[in-house]
Amino acid sequence: MFQKGIRYVDQNSIVYRQRNALAWKVVGELCRRDNNLYLGPKGRADNGVDANALMVLSSAGLTYQARRYGLGFVAAKGDMELQIEWDRAQQFNSAREIALALEQGIGFSFPAQSPPTTPRALGYRVIASLLEITATERARWMERSIGRGPLDPASEFSRGRLKNWEGARHQIIKDNLCIAEFDNFGWVKTERGLVDLQACYKLLDRSLHRVVLEHFGGHLL
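Numbering of residues begins from 1 in every chain and follows the order in which that chain's sequence is written. Residues qualify for local features only when their pLDDT is at least 70, as the model is predicted, and side-chain atom pairs are given and counted only at 80 or more; totals for whole chains, interfaces and linings, by contrast, use all residues. Calculation of side-chain values draws on the structure's entire complement of heavy atoms; hydrogens and water are dropped beforehand.

## Details of the overall build of the protein chain
Right, on to step 1. Starting at the N terminus, helices and strands are each numbered in turn, a helix being any DSSP run of H or I of at least four residues and a strand any DSSP run of E of at least two. Along the backbone of the protein chain there are six helices and 10 strands.
Right, on to step 2. The buried share of the protein chain, reckoned over its 221 residues, is 57%.
Right, on to step 3. Whether two residues are in contact is decided by their heavy atoms, any of which lying within 4.5 Å being enough. Here the analysis covers contacts within the protein chain between residues at least 6 apart in sequence; of these, 55% occur between residues at least 24 apart.
Right, on to step 4. Reported accessibility uses the Shrake-Rupley method at a 1.4 Å probe radius. Residues are deemed covered only where the shown protein chains occlude them. For the protein chain, the exposed surface amounts to about 10,500 Å²; the carbon and sulfur share of it is 50%. A simple rule labels every residue: compare its accessible area, found with a 1.4 Å probe on the protein chains alone, to the largest value its type can have, and call it buried under 20%, exposed over 50%, or partly exposed in between.

See below:
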């Protein structure tokens, strides 16, 4: 289980890796439930309480954060704000329950049951699964966000209309080597080429575990 009572943790620690995996799982649930949300570039390392936070944004002014160095999850909309510290977050039964609590804390009332996964949310869930599986590995697994727009060539025409957080990409790094790059639209680029995650997910009987093994199994051995 998670180590209790720690707020500010080292990025190389198991505690941080476990927080990071949970943060990505919650992001996946939030974006699965609200298709207007996008995961943007993370907070800068020198940006106070937002340092290294996963930042989930929408054009409606809705913001969610997972402050991995600090105090936990934050939801904000206008004057409303809710914070769930890590110790409390770890008492929830699932990432979906945390997502529900964040939504309700700022006045949203989506159905309790999460809808079928969307291409965007699927990408975040694959990243979360990878980070969770590798949290205790000796190899150093991490992710970083960059801003290059969609990977799908058919989306080239839309790049100029994307806000900076909508066009973010998210790289998976293993021992300083980039092994995959995800966009915000359900595509991933690996050494095997460009993959439509939603099509792969359907082909593999909607099994997240099988998707991860299909495209990253060689890195997990």
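## Focus on the environment of valine 15
Right, on to step 1. Relative to the helices and strands, valine 15 resides in helix H1 (residues 14–33).
Right, on to step 2. Along the sequence, valine 15 and threonine 136 sit 121 residues apart, while their C-alpha atoms lie 9.5 Å from each other.

## Structural notes on the sheet that holds strand S8 (residues 177–182)
Right, on to step 1. As summarised here, the arrangement of the five strands in space is S6-S7-S8-S9-S10, forming an open sheet in which the pairing is antiparallel. Across the chains shown, the open sheet's two edge strands, defined by having one partner strand only, are strand S6 (141–147) and strand S10 (193–196). Within this sheet the neighbouring strands show an average axis-to-axis angle of 25 degrees, counted without direction.
Right, on to step 2. Pairing between two strands requires that DSSP report at least two bridges joining them. Looking at chain direction, strand S9 (residues 187–190) and S10 are connected through four bridges and run antiparallel. The partner of tryptophan 187 across the bridge, within S10, is aspartate 196.
Right, on to step 3. To get an axis, a line is fitted to the C-alpha atoms, and for a helix only the part in contact is used. The angle between two axes follows their N-to-C directions and goes from 0 to 180 degrees. Against the sheet, helix H4 (residues 119–133) makes contact with S6, strand S7 (168–174) and S8, and its axis sits at roughly 20 degrees relative to S7, the strand it touches most.

## Considerations on H4
Right, on to step 1. With 15 residues, H4 extends 21 Å between its outermost C-alpha atoms, agreeing within 8% with the 21 Å of an ideal straight helix rising 1.5 Å per residue.
Right, on to step 2. A large share of H4 lies buried, amounting to 12 of its 15 residues.
Right, on to step 3. Listed in full, the buried residues belonging to H4 are Arg120, Ala121, Leu122, Gly123, Tyr124, Arg125, Val126, Ile127, Ala128, Ser129, Leu130 and Leu131. Residue count minus one, scaled by 1.5 Å, sets the expected span of a helix.

## What to know about the pairing of strand S3 (residues 63–67)
Right, on to step 1. For S3, the tally of buried residues reaches four of five residues, placing the bulk of the element in the interior.
Right, on to step 2. Two strands pair when backbone bridges link them, and strand S2 (residues 54–57) and S3 are joined in this way by four bridges, in the antiparallel orientation. Within the sheet, the bridge partner assigned to leucine 54 lies in S3 and is alanine 66.
Right, on to step 3. What sits between S2 and S3 in their antiparallel hairpin is a turn of five residues, with glycine 61 showing a positive phi close to 90 degrees.
Right, on to step 4. Note: S3 against strand S4 (residues 72–77), five bridges, orientation antiparallel. Of the residues in S4, the one forming a bridge with alanine 66 is phenylalanine 73.
Right, on to step 5. Here S3 folds back onto S4, and the loop between the two strands holds four residues.

## Describing the pattern of salt bridges
Right, on to step 1. A pair is scored as a salt bridge if a Lys or Arg side-chain nitrogen falls within 4 Å of a carboxyl oxygen belonging to Asp or Glu. According to the stated counting rule, one finds seven salt bridges in the structure shown.
Right, on to step 2. Glutamate 132 is paired through a salt bridge with lysine 25; the nearest N and O atoms lie 3.1 Å apart. Of this pair, glutamate 132 sits in helix H4 while lysine 25 sits in helix H1; the two residues are 107 residues apart in sequence, bridging distant segments of the chain.
Right, on to step 3. Residue lysine 25 is classed as partly exposed on the basis of its relative accessible area of 30%.
Right, on to step 4. The shortest N-O distance in the salt bridge between arginine 210 and aspartate 205 comes to 2.9 Å.

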